[in-house]
Amino acid sequence: MLADIEAKERAALEALSALTDPNALDAWKSTYLGPQGALREFMQGLKSVSKELKPAVGARLNQCKSALEAAFDERKNNLGEVVKGPAIDVTEPGVALPQGCRHVIARTIEEIVDVFARMGFAIADGPELEDEWHNFNALNIPAGHPARGPADNFYLGGAAAGKLLLRTQTSTVQIRAMESQKPPLKVIAIGRVYRPDTHDATHYSMFHQVEGLCIDRGVSMVDLKTTLVQFAKSFFGPEAEVRMRPSFFPFTEPSAELDMKMRIKGEWKWVELGGCGMVDPNVLSAVGIDPEEWTGFAFGLGIERVAMRRYGITDIRLLFENDARFLRQFA
Ligand code: FA5
């Protein structure tokens with residue numbers, strides 16, 4: 001019987017190594033290791049083996065079973081790998097992953113923050129979803145003012161509900177900063193603002209603004225202009241200049257439109273960047289700051305316009321189309 005076991009084991013191992021189809025593995029297993037398989041037959045034959053030989057034959061059968069099971073497991077793993085695909089050649093050059101880059105607006109924001117931080121401005125923040133107090137009332141824009149109309153604002157639930165809207169300007173953060181901090185204070189706020197403007201080369205319905213606010217004793221227009229001149233020179237280079245044209249904003253008095261002289265395609269031109277002025281006494285009173293003791297200046301610039309001028313981008317829509325070929329140019 002020992003010779004038969006030996007022969008069967010050899011036959012089983014040869015059959016196993018000849019297998020190439022993983023689906024044939026199960027058939028092999030039931031032929032040799034299954035309940036009706038060859039090994040089982042030997043086990044049943046053990047009954048008729050003489051008492052003296054039984055322990056040796058039993059031990060040989062157990063050894064044969066372990067050997068076949070181990071060989072089966074190994075073959076199964078090998079065939080499994082063949083099915084998964086060809087082995088990886090680690091010496092092949094890899095596939096380079098495309099490298100991303102920061103968006104030109106994100107970069108511009110970082111550069112603006114850097115310049116104002118060096119001038120001693122802290123960062124203030126506020127929500128994009130605002131109430132009427134912060135977007136209008138506290139900014140001296142009373143009920144019934146045309147700027148509060150539904151054509152100029154994204155109200156939630158329609159103008160009639162009129163409680164919450166997407167902020168139209170970062171000037172809302174002026175109010176939040178003055179509500180939460182005592183003067184003197186010197187902050188900038190950067191963020192998204194929303195207006196139902198028709199999209200064209202210089203207008204978008206969502207864009208970014210940088211707001212500046214400085215409240216102290218004896219602050220004047222001279223401080224405002226000095227700050228903006230310093231910003232222009234640090235950001236655009238020593239030849240940059242700013243100029244102010246008289247304008248109107250409900251929350252500043254006097255108010256001005258801010259132009260910067262920039263090099264556009266090699267030529268120096270005046271470009272409008274935003275609004276500015278001295279904080280209106282009504283605004284200071286609305287947040288509980290005594291306008292007899294404190295004065296302040298504020299400004300608000302459109303960041304897309306700054307970036308467009310700086311990088312010679314002629315259409316604002318390019319900034320929001322997410323075409324990687326366009327954006328990669330400014331990496
Ligand atoms: C304001 O938003 C005032 N809050 C600015 C201000 C702050 C004045 C503090 C005084 C004191 P204005 O609506 O002009 O002002 O917008 C400021 C700038 O945002 C514009 O000069 C322009 O650069 C940019 N801007 C305005 N509308 C759009 C738009 N639809 N798309 C892109 N940029 C815009």
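So, how was this worked out
Residues numbered from 1 in each chain as written. Predicted model: local features only at pLDDT ≥ 70, side-chain atom pairs only at ≥ 80, totals over all residues. Heavy atoms only, no water. Helix = DSSP H or I, 4+ residues; strand = E, 2+ residues; numbered from the N terminus. Buried < 20%, exposed > 50% of the residue type's maximum accessible area, 1.4 Å probe, protein only. Contact = heavy atoms within 4.5 Å. Domains from an automatic or database assignment. Salt bridge = Lys/Arg side-chain N within 4 Å of Asp/Glu carboxyl O. Near = heavy atom within 4 Å. Polar contact = N/O pair within 3.5 Å; in protein donor to acceptor, adjacent residues only side chain to side chain. Areas by Shrake-Rupley, 256 points an atom, 1.4 Å probe, with all protein chains shown as cover. Nonpolar A, V, L, I, M, F, W, Y, C, P; charged D, E, K, R; others polar.

### Regarding the environment of Ala138
So, step 1. Mapping Ala138 onto the fold places it in the loop between α6 (132-135) and β3 (154-155).
So, step 2. According to the relative accessible area criterion, Ala138 is buried, its value standing at 1%.
So, step 3. Sequence separation of Ala138 and Asn282 is 144 residues, and the distance between their C-alpha atoms is 8.2 Å.
So, step 4. Those residues in contact with Ala138 that sit more than four places away from it in its chain are Trp133, Ile175, Val283 and Ala286.

### As for the domain arrangement of the protein chain
So, step 1. Here the domain parsing of the protein chain yields domain 1 (2-79) and domain 2 (104-330).
So, step 2. In this structure, domain 1 and domain 2 have C-alpha centres spaced 84 Å apart.

### What about the pattern of salt bridges?
So, step 1. On inspection of all chains with the given rule, the structure shows 16 salt bridges.
So, step 2. Between Arg245 and Glu272 there is a salt bridge; the shortest N-O distance is 3.8 Å. Taken as a pair, Arg245 in strand β7 (residues 241-249) and Glu272 in strand β9 (residues 267-279) lie far apart in primary sequence, 27 residues in all.
So, step 3. Through salt bridges with shared partners, a single ionic network connects Arg243, Arg245, Asp259 and Glu272.

### Points about unusual backbone geometry
So, step 1. Of note, the amide linkage connecting Pro183 to Pro184 takes the cis form, showing an omega dihedral of 5°.
So, step 2. Along the polypeptide, Pro184 turns up in the loop between α8 (171-180) and β5 (185-194).
So, step 3. Looking along the chain, the bond that leaves Glu253 and enters Pro254 is cis, with omega of -5°.
So, step 4. Here Pro254 shows up in strand β8 (residues 252-264).

### Notes on the site of the ligand
So, step 1. Close to the ligand lie 25 residues, the nearest being Gln169, Ser171, Arg195, Asp197 and Tyr204.
So, step 2. Within the side chain of Asp197, one N or O atom sits 2.8 Å away from a nitrogen atom of the ligand.
So, step 3. Backbone polar atom of Gly274 to an oxygen atom of the ligand: 3.4 Å apart, as the coordinates give it.
So, step 4. Alone, the ligand offers 680 Å² of accessible surface; in the complex the protein occludes 92% of this.
So, step 5. Elements represented by at least two residues in the shell around the ligand include exactly α8, β6 (206-216), β9 and β10 (295-302).
So, step 6. It is β9 that provides the largest number of residues to the shell around the ligand, a total of five residues.
So, step 7. For the shell around the ligand, the per-class residue count stands at nine nonpolar, eleven polar and five charged.

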